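Residues per chain are reported as follows:
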Amino acid sequence: MAVANTPRENHIFPIYLKGAAITFTESDDGAIPITTSYVKFDIGAGGSNAFTLANGDIPGQIMVLWAEDADGTNKVVLTVATTVFAENDVITLNLSNENITLMWNGDAWAPLGFSGATSA
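Residues numbered from 1 in each chain as written. Predicted model: local features only at pLDDT ≥ 70, side-chain atom pairs only at ≥ 80, totals over all residues. Heavy atoms only, no water.

This part takes up the overall build of the chain. What the chain contains, in helices and strands, is zero helices and ten strands. Going from the N terminus to the C terminus, the chain shows its helices and strands as β-β-β-β-β-β-β-β-β-β. Counting the 120 residues in the chain, one finds 36% classified as buried. The long-range share in the chain, meaning contacts at least 24 apart out of those at least 6 apart in sequence, stands at 59%. Roughly 6,500 Å² of accessible area belongs to the chain as shown, and the carbon and sulfur atoms make up 55% of that amount. (Helix = DSSP H or I, 4+ residues; strand = E, 2+ residues; numbered from the N terminus. Buried < 20%, exposed > 50% of the residue type's maximum accessible area, 1.4 Å probe, protein only. Contact = heavy atoms within 4.5 Å. Areas by Shrake-Rupley, 256 points an atom, 1.4 Å probe, with all protein chains shown as cover.)

Structure, rendered in structure tokens:
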């Protein structure tokens, strides 16, 4: 059981970074910038794109990853550098409006919520 009066350094508060949202299309692959908290994937039909998410910079950093117009014939495969659960190190988004929200806890990305996304 947590003690109510623990030092502040034991707490992590959510932080949404001020950087502009980033949109990736079917011509993109590679690293997701960790200078923002919101990434949208607009991958055309039949496309399959691979991305990586490096470790965060700031404990509490939120990252929202969203597939806008996926239709099952296209997909985004995201490999996460460090996760709190090993089964969340590869995330697939392949249907419209699938998304995942992660938070960097200072050591690893922790999933806060999934909507249709699958992980392996």
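Right, picking up where we left off after that structure.
When the pLDDT values of the chain are averaged, the result is 84; 85% of them are 70 or greater. Of all secondary-structure elements in the chain, the lowest mean pLDDT belongs to strand 10 (residues 118–119), at 75, while strand 8 (residues 99–104) reaches the highest, 94. (pLDDT = per-residue confidence, 0-100.)

Next up on the list: the packing of aromatic side chains. Applying the stated criterion across every chain yields a total of five aromatic pairs. Each ring, one from Phe-24 and one from Phe-41, has its centre 5.9 Å from the other, and the planes form 20°; the classification is stacked. With Phe-24 in strand 1 (residues 22–25) and Phe-41 in strand 3 (residues 38–42), this pair connects stretches of sequence that are 17 residues apart. Overall, the relative accessible area of 9% leaves Phe-24 in the buried class. (Phe/Tyr/Trp six-rings, centres within 6.5 Å; stacked < 30°, edge-to-face > 60°.)

On to the nonpolar core. Among the nonpolar cores identified, the biggest contains 21 residues, and Ile-32, Phe-41, Leu-53, Met-63, Leu-65 and Leu-78 are the most heavily contacted of them. Ignoring any residue separated from it by four or fewer positions in sequence, one finds Leu-78 in contact with Ile-32, Phe-51, Thr-52, Leu-53, Leu-65, Asp-89, Val-90 and Ile-91. (Core = buried A, V, L, I, M, F, W, Y, C linked by side-chain atoms within 4.5 Å.)

Pairing is mixed across the open sheet formed by five strands, whose spatial order is 1-3-5-8-9. Edge strands, defined here as strands with exactly one partner in the open sheet, are strand 1 and strand 9 (109–115). Neighbouring strand axes in the sheet, compared pairwise and without regard to direction, differ in orientation by 20° on average. (Pairing = 2+ DSSP bridges. Axes fitted to C-alpha atoms, helices over the stretch in contact; angles between N-to-C directions.)

A few words now on the environment of Leu-65. Here Leu-65 lies in strand 5 (residues 62–67). Relative accessible area serves as the criterion here: at 0%, Leu-65 is assigned to the buried category. With near-sequence residues (within four places) excluded, Leu-65 lies in contact with Ile-32, Val-39, Phe-41, Leu-78, Leu-93, Glu-98, Asn-99, Ile-100 and Leu-102.

With respect to the helices, strands and loops of the structure, Thr-83 is situated in the loop between strand 6 (71–80) and strand 7 (90–95). Thr-83 gets classed as buried once you look at its relative accessible area, which sits at 18%. Here the side chain of Thr-83 touches Phe-85 through a polar contact of 2.7 Å, landing on its backbone oxygen. With near-sequence residues (within four places) excluded, Thr-83 lies in contact with Asn-88, Asp-89, Ala-108 and Trp-109. (Polar contact = N/O pair within 3.5 Å; in protein donor to acceptor, adjacent residues only side chain to side chain.)

If you trace the backbone, Thr-79 turns up in strand 6. Along the primary structure Thr-79 and Asp-89 are separated by ten residues, whereas in three dimensions their C-alpha atoms are 5.7 Å apart. Setting aside anything within four residues of it in sequence, one finds Thr-79 in contact with Phe-51, Thr-52, Leu-53, Asp-89 and Val-90.

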